[in-house]
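Observations on the model geometry
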Amino acid sequence: MTSTQPPSPPPAQPLAGVRVLDLSRVLAGPWCTQNLADLGADVIKVERPLRDGAGGDDTRGWGPPFLKGRDGQDTAEAAYFLGTNRNKRSITVDIAHPEGQALIRRLVTQCDVFIENFKVGDMARYGLDAATLRATQPGLVYCSITGFGQTGPYRERAGYDYAIQGIGGLMSVTGERDDLPGGGPQKVGVAVADLFTGMYATVAILAALRHRDATGEGQHIDMALLDTQVAMLANLGANYLATGAPPRRAGNAHQNIVPYQVFETADGHLILAVGNDGQFAKFCEIAGVPQFAADPRFARNADRVRNRAVLVPLLAEILRTRTKADWLAALEAAKVPCGAINNLEEVFADPHVKARHMTVPMAHPESDTLRLVASPMKFSGTPVQYRRPPPLLGEHTGEVLEELGWSPEDIGALRDRGVL
């Protein structure tokens, strides 16, 4: 007998009831607010109104590639924008207009979090800085994201991920060694300073919300790409502080572990990532050189690091004698860390990636074929919900303003005066 019971509603998400006013654009800020939105926050994305064919978040036009519409032609929605703005609502407000500034101040009174990534001083010119807004709403969590922070001699500089990777030391340790072909500084293939800043900002906002809930007091969070880049040097930063010697580029090798790098096989390349002496002994058995594990030059990781120049060529010669598939099968069976080097077609076709549901289809107003990279956050009780596709520019202006107290007539008048 078919049940007539209605389906159970999805569980409330961790940030249900939290409202975020998002005046950020491009990547670091939107990455943060997409995390918050995935966790259930109501994120209202404030964008520039369309004027003379231009408006909205800059990344809306950062293509190709663009989303294909139902007619097979490109829409105006760049894949870059789509990848960082799901689960949000978009409204358009001209914050250079006095009425636009007043509108934002009114919106803020009904929000828990305010995020912006304007240049230092811009928000104060509009009366939307942390001190002004928190004077009337002390519980507001206000997060500023800039290249260099609100203090220090570089605070007024524009900050871009590429430059931050260079200034912050990442490119000094990324790329092939200078004495080898192709050697020299190299940026990382994705904008890691932006992405890490968005992640750190997410953590900071969640901590500030917990403090607000306990005390009623909000605060101003000052996030800087350069600070984040310096922090994420992690063990390499610690190596320098311990020794005073700047680490150098090591290509695909690891500064502190050997063998931990890319090797050529008979028909391709693989990653060998031996993390301890026991794993090295297992590798040596598989490779047919068990004596290496007992050799005092190689027995311990510290020995292998000191004798890298001797050991690595020996291993490289051995690894070239068998196919990639043969090595991977044998190493995986022995639980020696290793891996293939996949392109993105291979990544999204990988059975484990599929089993982890790392893509998600979403209905979009202009396309039936939108697929996005899913959130990696897996909750047992409050799973991420994909409620809204990345919004069209200003798609929710009327909806949001009506919810927050504006009448349709008020909204129409604001449009007529160029505020929206």
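In what follows, the structure referred to is the one given above.
None of the values given here were measured: they were computed from a predicted structure.

A short note on the overall build of the protein chain
Across its full length, the protein chain holds 18 helices and 13 strands. The dimensions of the protein chain, computed from C-alpha atoms along their principal axes, are 85 × 70 × 45 Å. Across the 420 residues in the protein chain, those meeting the buried criterion constitute 43%. Partitioning the intrachain contacts of the protein chain with sequence separation of at least 6 by distance along the chain shows that 67% fall at a separation of at least 24. Looking at the protein chain as shown, the accessible area adds up to about 21,300 Å², and 55% of this sits on carbon and sulfur atoms. Seen as two clouds, the 42 positive and the 47 negative side-chain charges of the protein chain have centres 4 Å apart.

Re the sheet that holds strand 7 (residues 141–146)
Pairing is parallel in the open sheet, where six strands are placed in the order 5-2-1-6-7-8. One side of each edge strand has no neighbouring strand; the edge strands of this open sheet are strand 5 (88–92) and strand 8 (219–224). Across the sheet, the mean angle separating the axes of adjacent strands is 20 degrees when strand polarity is ignored. Note: strand 7 against strand 8, six bridges, orientation parallel.

Observations concerning the sheet that holds strand 9 (residues 260–264)
Spatially, the three strands line up as an open sheet ordered 9-10-11, and their pairing is antiparallel. Both outer strands of the open sheet, strand 9 and strand 11 (338–339), are each paired with one neighbouring strand and no more. Here two bridges tie strand 10 (residues 269–273) to strand 11, and the two strands are oriented antiparallel to one another. When the sheet's bridge partners are listed, Leu 272 is paired in strand 11 with Cys 338. In the packing of helix 13 (residues 308–319) onto the sheet, contacts are made with strand 9 and strand 10, and the angle to strand 9 comes to roughly 45 degrees.

Topic: the state of the cysteines
Counted according to the given criterion, the structure contains zero disulfides. For Cys 111, which is in no disulfide, the shortest distance to another cysteine sulfur is to Cys 32 and amounts to 14 Å. Cys 284 provides the cysteine sulfur closest to Cys 338, a residue in no disulfide bond, and the two sulfurs are 15 Å apart. A relative accessible area of 22% places Cys 338 in the partly exposed class.

Thoughts on the pattern of salt bridges
In this structure the tally under the stated criterion is 24 salt bridges. Here Asp 58 and Arg 48 are joined by a salt bridge, their closest N and O atoms 2.8 Å apart. Note that Asp 58 is positioned in the loop between strand 2 (42–47) and strand 3 (66–68) and Arg 48 in the loop between strand 2 and strand 3, a separation of 10 residues in sequence. Between Arg 177 and Asp 179 there is a salt bridge, with its nearest N and O atoms 2.8 Å apart. Of the residues examined, Arg 177 reaches a relative accessible area of 38% and is grouped as partly exposed. A relative accessible area of 57% means that Asp 179 is categorised as exposed.

Some words on the packing of aromatic side chains
If you walk through the whole model with that rule in mind, you get five aromatic pairs. Positioned above the aromatic ring of Phe 280, the side-chain terminus of Arg 304 is 4.4 Å from the ring centre.

Quick look at the side chain of Asp 22
Locating Asp 22 in the fold gives a position in strand 1 (residues 19–23). A distance of 2.5 Å separates the side chain of Asp 22 from the side chain of Ser 24, its partner in a polar contact. Among all residues touching Asp 22, those that are not within four sequence positions of it are Thr 33, Val 43, Ile 44, Lys 45, Val 46, Lys 88 and Ile 115.

A few points about the pairing of strand 12 (residues 359–364)
On strand 12, burial follows the alternation: Val 360, Met 362 and His 364 on one face are buried, whereas Thr 359, Pro 361 and Ala 363 on the facing-out side are not. Relative to strand 13 (residues 367–373), strand 12 runs antiparallel, the two being bridged by five bridges. Paired with Thr 359 across the two strands is Val 373, which belongs to strand 13. From the end of strand 12 to the start of strand 13, which pair antiparallel, there are two residues.

Notes on unusual backbone geometry
Pro 64 connects to Pro 65 through a cis peptide bond whose omega is 10 degrees. When you line up the elements, Pro 65 lands in the loop between strand 2 and strand 3. Across the junction of Val 258 and Pro 259, the peptide omega takes the value -5 degrees, indicating a cis bond. Looking at the element boundaries, Pro 259 is found in the loop between helix 9 (234–243) and strand 9.

Here's the deal with the packing of helix 10 (residues 277–287) against helix 14 (residues 324–333)
One way to put it is that helix 10 packs onto helix 14 with a least axis distance of 10 Å and a crossing angle of 135 degrees. In terms of orientation, helix 10 lies oblique with respect to helix 14. Where helix 10 crosses over helix 14, the handedness of that crossing is right-handed. On the side of helix 10, the interface is formed by Phe 283, Ile 286 and Ala 287, while helix 14 contributes Trp 327, Ala 330 and Leu 331. Taken together, the residues of the contact of helix 10 with helix 14 sort by class into six nonpolar, no polar and no charged.

A few points about the side chain of Thr 92
In this fold, Thr 92 is placed in strand 5. Note on Thr 92: relative accessible area 6%, which makes it buried. Ignoring anything within four residues of it in the chain, the contact list for Thr 92 reads Glu 47, Arg 48, Pro 49, Leu 393, Gly 394, Thr 397, Val 419 and Leu 420.

Side note on helix 13
Between its first and last C-alpha atoms helix 13 spans 16 Å; for 12 residues at 1.5 Å apiece the expected length is 16 Å, and the two agree. Taken as a whole, helix 13 has its buried residues at Leu 311, Val 312, Leu 315, Ala 316, Ile 318 and Leu 319. The buried residues of helix 13 occupy one face: seen down the axis, they fall within an arc of 160 degrees. Residues of helix 13 that are exposed and angled more than 90 degrees away from the buried face: Ala 309 and Glu 317. Buried residues in helix 13 make contact with strand 9, strand 10, helix 10, helix 11 (291–294), helix 12 (301–306) and helix 14.

Cut-offs applied
- Each residue is numbered by its place in its chain's sequence as written, counting from 1.
- Local features in this predicted model are restricted to residues whose pLDDT is 70 or higher, and side-chain atom pairs enter the listing and the counts only when it is 80 or higher, whereas totals over whole chains, interfaces and linings include all residues.
- Water and hydrogen atoms play no part in the side-chain values, which are based on all heavy atoms of the structure.
- Numbering goes from the N terminus for both helices and strands, where a helix is a DSSP run of H or I of at least four residues and a strand is a run of E of at least two.
- Classification of residues uses two cut-offs on accessible area relative to the type maximum, computed with a 1.4 Å probe and protein chains only: under 20% is buried, over 50% is exposed, and between them is partly exposed.
- Two residues form a contact once any of their heavy atoms are found within 4.5 Å.
- For the area figures, the Shrake-Rupley method with a 1.4 Å probe applies, and any residue is considered shielded solely by the protein chains shown.
- Only four residue types enter the tally: Lys and Arg on the positive side, Asp and Glu on the negative side, with His and both chain ends excluded.
- For the purpose of locating charges, the reference atoms are NZ of Lys, CZ of Arg, CG of Asp and CD of Glu.
- When DSSP finds at least two bridges between two strands, those strands are taken to pair.
- Each axis is a line fitted through C-alpha atoms, and for a helix only the stretch in contact is used; angles between axes span 0 to 180 degrees, taken between their N-to-C directions.
- Pairs of cysteine sulfur atoms within 2.5 Å are what we label disulfides.
- We count a salt bridge whenever a side-chain nitrogen from Lys or Arg sits within 4 Å of a carboxyl oxygen from Asp or Glu.
- Any two rings among Phe, Tyr and Trp, with Trp reduced to its six-membered ring, count as a pair given centres within 6.5 Å; such a pair is stacked if its planes are under 30 degrees apart, edge-to-face if over 60, and tilted if neither.
- We call a charge positioned over a ring when the NZ of a Lys or the CZ of an Arg lies within 6 Å of the ring centre and within 35 degrees of the ring normal.
- We call two N or O atoms a polar contact when they sit within 3.5 Å, provided that within protein one can donate a hydrogen and the other can accept it, with sequence-adjacent residues counted only if both atoms are side-chain atoms.
- Small angles under 35 degrees read as roughly parallel and large ones over 145 as roughly antiparallel, with 65 to 115 read as roughly perpendicular and the rest as oblique.
- By the definition used in this description, the sense in which the near helix is turned from the far one sets the handedness, with an anticlockwise turn below a right angle giving left-handed and a clockwise turn giving right-handed.
- Only Asp, Glu, Lys and Arg are considered charged, only Ala, Val, Leu, Ile, Met, Phe, Trp, Tyr, Cys and Pro nonpolar, and every remaining residue, Gly among them, polar.
- Under the convention used throughout, the expected extent of a helix is 1.5 Å for every residue step, that is, one less than its residue count.
- Directions pointing from the helix axis toward each C-beta atom define the arc.

In short, shape yes, function no, at least from these values alone.
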